[in-house]
Amino acid sequence: MKILQSAINALQLEIEALQAMQERMDNNVVDAVNLLLNTNGRVIFTGMGKAGHVARKLAATFSSTGTPSIFMHPGEAYHGDLGVVTKNDLAIMISNSGETEEVVKLIPCLKRYNVSIISLTGNINSTMAQHSDVVLDTHVAREACPLNCAPTSSTTTAIAMGDAIACALIEARGFKAEDFAVFHPGGSLGARLLLKISDIMLPFSEAPTVLTNAPIHEAIIAISKGRIGSVFVVDENRIVKGILTDGDLRRLLESGSTDFNDPVSKVSNLDPKTVRSSEMAASVLNQMEQAKISVVPVIKEDQTLLGAIHVHMLLAAGIV
């Protein structure tokens, strides 16, 4: 119980630090976002120690959400890495004390390039703050560390402030999920955001079909030969008129009153859900889950059958 309580206390201290920072937020945040929006170059994040790890994380977040950013280690900067800085860049410097020697020493170098500086610091009267264009206050009453030594609450507020700025920039730029996907093409995230039905659908040549006047027994054969547990009922022009699933067939057999020579249109669902090939795969999966169906015909603008999509295809493609 003592261990659990210690962890709970640490979280509570960090929550309180975030709440206090939220209450202090003012137009400096607006100024920081506007400065970033008007920057033509990259955003250079820098910080030492734990603040450096925060800076690396924020550089990655900004880059993936439409603001090109890099991390510059303040120690390496004096040994050639300053070569990445251009006059069109903006620097975001992170230091809880605002007096970190390696970071403060960078200020004259950045000013030489007329680089604007945004500071994330717990000391708004520090040297770093005094030489910054915008100061964002990440002060904490105490660290969550029981010894009040290890950077814990202060790194949390710095990350949270950086994330808040990144989120404000996303809205200000009109950055969309499709834009985000461009920077995340791999894995399930890329699949969810990028894949369209046309990328994974079963083509018409492989989609099981029967004509509207075909007998039911012919539809059963088509379902068996196909691999999606359904057959699409179409007219002579390939316009979708209905769908018959293996579930429909089981219910027919259970009824015991089916003449398998009857036309398939008599027992088909004549109002099937359809999708277009241009639709996002993730959206279609959501539609299918809501409708509780496993297969839908993919149609063209003129309602002609283009192919089919089965829920298994979507899951196999990493759409979850």
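What you see is a predicted model; the values in this text were computed from it and never measured.

**Here's the deal with the overall build of the protein**
Alright, step 1. In terms of helices and strands, the protein carries 15 helices and twelve strands.
Alright, step 2. In terms of overall dimensions, the protein is more spread out than a globule: its C-alpha atoms have a radius of gyration of 30 Å, far above the 20 Å expected for 320 residues.
Alright, step 3. Dimensions along the principal axes, computed over C-alpha positions, put the protein at roughly 90 × 55 × 35 Å.
Alright, step 4. With 320 residues in all, the protein has 42% of them scored as buried.
Alright, step 5. Considering only residue pairs separated by 6 or more positions, the protein has 65% of its internal contacts joining residues 24 or more positions apart.
Alright, step 6. The averaged location of the 33 negative side-chain charges in the protein is 3 Å from the averaged location of its 26 positive side-chain charges.

**As for the packing of aromatic side chains**
Alright, step 1. Counting across every chain of the model gives one aromatic pair.
Alright, step 2. On the basis of an interplanar angle of 75° and a centroid distance of 5.0 Å, the ring pair of Phe45 and Phe62 is categorised as edge-to-face. A residue pair is termed long-range when its members are at least 10 positions apart, and Phe45 in strand β1 (residues 43-47) and Phe62 in helix α3 (residues 50-64) qualify at 17 residues. Comparing Phe45 with Phe62 shows no difference in burial state: the two are buried.
Alright, step 3. Over the ring of Phe204 we find Arg238; its NZ or CZ atom is 3.7 Å from the centre of that ring.

**Some details on the sheet that holds strand β7 (residues 209-211)**
Alright, step 1. Here three strands make up an open sheet; going across it, the order is β7-β8-β9 and the pairing mixed. Edge positions in the sheet fall to β7 and β9 (240-245), since each of these pairs with one other strand and no more. The sheet shows a mean angle of 30° between the axes of neighbouring strands, taken without regard to direction.
Alright, step 2. The sheet contact formed by β7 and strand β8 (residues 230-234) spans three bridges and is parallel. Bridge pairing links Val210 to Val233 in β8.

**Overview of the pattern of salt bridges**
Alright, step 1. Within the structure shown, the criterion is met by eight salt bridges.
Alright, step 2. One salt bridge connects Asp137 with Arg24, and the closest N-O pair in it is separated by 3.1 Å. Of this pair, Asp137 sits in strand β5 (residues 134-137) while Arg24 sits in helix α1 (residues 2-24), and the two are 113 residues apart along the sequence.

**With respect to the environment of Ala20**
Alright, step 1. With respect to the helices and strands, Ala20 occurs in helix α1.
Alright, step 2. A relative accessible area of 31% places Ala20 in the partly exposed class.

**Re the sheet that holds strand β11 (residues 295-299)**
Alright, step 1. The strand order across the open sheet formed by four strands is β6-β12-β11-β10, and the pairing between neighbours is mixed. Of all strands in the sheet, those with a lone pairing partner are β6 (202-203) and β10 (275-276), marking the two edges.
Alright, step 2. Where β10 lies against β11, two bridges are found, and the strand directions are parallel. Within β11, the position partnered with Arg276 by the bridge is Ile299.

**What about helix α14 (residues 281-291)?**
Alright, step 1. Buried residues of α14: Ala281, Val284, Leu285 and Met288, and no others. Looking down the long axis of α14, one finds its buried residues gathered within 100° of arc, a one-sided arrangement.
Alright, step 2. On its buried face, α14 is in contact with α11 (197-200), β10, β11, β12 (305-310) and α15 (311-316).
Alright, step 3. Phi turns positive, to about 60°, at Lys292, one or two residues after α14.

**Side note on a nonpolar patch on the surface**
Alright, step 1. Among the surface-exposed residues, Met1, Leu4 and Ile8 lie close enough to one another that they form a single nonpolar patch of about 360 Å² accessible area.
Alright, step 2. Along the chain, Leu4 turns up in helix α1.
Alright, step 3. We classify Leu4 as partly exposed; its relative accessible area is 48%.

**What about the environment of Asp137?**
Alright, step 1. Its relative accessible area of 21% is what places Asp137 among the partly exposed residues.
Alright, step 2. When the C-alpha positions of Asp137 and Phe45 are compared, they lie 17 Å apart, and in sequence the two are 92 residues distant.
Alright, step 3. Not counting the four nearest positions on each side in its chain, Asp137 is found in contact with Met21, Arg24, Thr121, Gly122, Ile124 and Met161.
Alright, step 4. In this structure the side chain of Asp137 is engaged in a polar contact, spanning 3.1 Å, whose partner is the side chain of Arg24.

Each value, and the rule that gives it
Residues numbered from 1 in each chain as written. Predicted model: local features only at pLDDT ≥ 70, side-chain atom pairs only at ≥ 80, totals over all residues. Heavy atoms only, no water. Helix = DSSP H or I, 4+ residues; strand = E, 2+ residues; numbered from the N terminus. Rg over C-alpha atoms; globule rule 2.2 N^0.38 Å. Buried < 20%, exposed > 50% of the residue type's maximum accessible area, 1.4 Å probe, protein only. Contact = heavy atoms within 4.5 Å. Lys, Arg positive; Asp, Glu negative; His and termini not counted. Charge placed at Lys NZ, Arg CZ, Asp CG, Glu CD. Phe/Tyr/Trp six-rings, centres within 6.5 Å; stacked < 30°, edge-to-face > 60°. Lys NZ or Arg CZ within 6 Å of the ring centre and 35° of its normal. Pairing = 2+ DSSP bridges. Axes fitted to C-alpha atoms, helices over the stretch in contact; angles between N-to-C directions. Salt bridge = Lys/Arg side-chain N within 4 Å of Asp/Glu carboxyl O. Arc of directions from axis to C-beta. Patch = residues over 30% accessible without salt bridge, like charges linked within 9 Å, V, L, I, M, F, W, Y side chains within 5 Å. Areas by Shrake-Rupley, 256 points an atom, 1.4 Å probe, with all protein chains shown as cover. Polar contact = N/O pair within 3.5 Å; in protein donor to acceptor, adjacent residues only side chain to side chain.

On their own, these measurements won't tell you what the molecule is for.
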